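Residue-level listing of the chains:
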Amino acid sequence: MIDDTLRFRTMTAADIPAGLALCRLARWNQIERDWQLFLRLSPSGCRVAVKANQVVGTVTTVNYENLFSWIGMVLVDPAQRRQGIGTQLLNEAIELLSDCPLVGLDATPAGREVYLKLGFLDERRLSRMETVVADSFVGIENNPARRMTDADWLQVFGLDRQVFGANRQTVLEWLIAGAPELAWVVSRDGNVAGFALGRRGFNFAHIGPVVAESAEVARQLVSAVLTGLSGRPAIIDAAHHDAGWLKWLEAIGFREQRPFIRMLRGANKLSGLPERQFAILGPEFG
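Residues numbered from 1 in each chain as written. Predicted model: local features only at pLDDT ≥ 70, side-chain atom pairs only at ≥ 80, totals over all residues. Heavy atoms only, no water.

Let us look at the overall build of the chain. A count of helical and extended segments in the chain gives eight helices and 13 strands. In terms of C-alpha radius of gyration, the chain reaches 19 Å, essentially the compact-globule figure of 19 Å for 286 residues. Taking the principal axes of the C-alpha coordinates as reference, the chain spans close to 70 × 40 × 35 Å. Across the 286 residues that make up the chain, the buried fraction comes to 51%. Surface summary for the chain: the accessible area is close to 12,800 Å², and the carbon and sulfur share equals 50%. (Helix = DSSP H or I, 4+ residues; strand = E, 2+ residues; numbered from the N terminus. Rg over C-alpha atoms; globule rule 2.2 N^0.38 Å. Buried < 20%, exposed > 50% of the residue type's maximum accessible area, 1.4 Å probe, protein only. Areas by Shrake-Rupley, 256 points an atom, 1.4 Å probe, with all protein chains shown as cover.)

Summed over all chains, the structure comprises 15 salt bridges. Ionic pairing is found between arginine 9 and aspartate 15, a salt bridge with its closest N-O pair at 2.7 Å. For aspartate 15, a relative accessible area of 6% corresponds to the buried category. Among the ionic pairs, arginine 161 bridges to glutamate 65, the shortest N-O distance being 3.6 Å. Of the two residues, arginine 161 sits in helix α5 (residues 153–164) while glutamate 65 sits in the loop between β3 (54–64) and β4 (68–76), which places them 96 residues apart along the sequence. Ionic contacts of the salt-bridge type, sharing partners, join the residues Asp34, Arg199 and Glu284 into one network. (Salt bridge = Lys/Arg side-chain N within 4 Å of Asp/Glu carboxyl O.)

Summed over the entire model, instances satisfying the criterion amount to 10 aromatic pairs. Taking 5.7 Å as the distance between ring centres and 75° as the angle between the ring planes, the aromatic pair formed by tryptophan 35 and phenylalanine 38 counts as edge-to-face. Taken together, the residues tryptophan 35 and phenylalanine 38, both in helix α2 (residues 32–41) and three residues apart, mark about one turn of the helix. Residue class for tryptophan 35 comes out buried when judged on its relative accessible area of 0%. Pairing tryptophan 245 with tryptophan 248 gives two aromatic rings, centres 6.1 Å apart and planes at 20°, and the pair type is stacked. Highlighted residues: tryptophan 245 and tryptophan 248, both in helix α8 (residues 243–251), separated by three residues, approximately one helical turn. Residue tryptophan 245 shares its accessibility class with tryptophan 248, and that shared class is buried. (Phe/Tyr/Trp six-rings, centres within 6.5 Å; stacked < 30°, edge-to-face > 60°.)

Before going further, it helps to examine helix α7 (residues 215–227). A rise of 1.5 Å per residue sets the reference length of α7, with its 13 residues, at 18 Å; its end C-alpha atoms lie 18 Å apart and thus fit the reference within 8%. With 10 of 13 residues buried, α7 is to be regarded as a mostly interior element. Elements that come into contact with the buried residues of α7 comprise β8 (184–188), β9 (191–200), β10 (205–212), β11 (233–239), α8 and β13 (277–279). (Expected span 1.5 Å × (residues − 1). Contact = heavy atoms within 4.5 Å.)

This brings us to the nonpolar core. Counting 41 residues, the largest nonpolar core has Trp35, Tyr64, Phe68, Met148, Val156, Phe195 and Leu197 as its most contacted members. Listed by contribution, the elements that provide at least two residues to this core are α1 (16–26), α2, β2 (47–51), β3, β4, α5, α6 (169–178) and β9. The contact partners of valine 156, leaving out residues within four places of it in the chain, are Met148, Leu172, Val185, Val192 and Phe195. (Core = buried A, V, L, I, M, F, W, Y, C linked by side-chain atoms within 4.5 Å.)

What follows concerns α5. The end-to-end C-alpha distance of α5 is 16 Å, a good match for the 16 Å that 12 residues give at a rise of 1.5 Å each. All of the buried residues along α5 are Val156, Phe157, Leu159, Asp160, Val163 and Phe164. End-on, the buried residues of α5 take up no more than an arc of 165°, which puts them together on one face. At the exit of α5 stands glycine 165, carrying a positive phi of roughly 100°. (Arc of directions from axis to C-beta.)

Here you go:
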């Protein structure tokens, strides 16, 4: 007889195909390379739910210098839903992060009700916006944005550390290596005023993070990225703190795919400068 007892264990590289299968069932954008990064960043901090020797759920965690941590990739096989597996996975993640003072996640409105019961509180809103970049897209005239070079990296990493609130150089290096065509900067007086990165996904090119000193610089960066994506579907997880920024995205063809609510569990607020983060890397990374 097959033992169908639900069990939880640490995720390994051998589980990546199962994670990918759950992504495809949920129509999520992640590819194998994303899962490899989760395990690289947190080799003992990602969990799977197993039933009858099959992976039926996943959750990932990323700890940023123990200043704050992030929960993502809460996936449950559709055939196994409404059995509390997702909530149990979340509790597994919370336990793994019990020594971290602040834990965050980006919730859908439906998931928000579950997270509220687990002690998470609303922090701010985001919107996943999507478009198919028009072949005729020409971008901003006389755009100062240029492709990122090796000479920019130290300034990019330093600016990101200031805005994001923790060191995630490993993640940024992974982004640059995986999609150099999506890496752009704007410089002023020899200093990086903003940068945009992105990654290739199963369904979309994902633009983000976009870190900039102003909405004007953010627009210049995204406009430059889009010039290389003609005819391709793209998404961006845009922050809501600047209404003009959202209106501009809509004006160039982006539409909201779904909203997110950034939620936090812990006594402190996120560090960094969120008003300069115009688009996040993604809800699974913070």
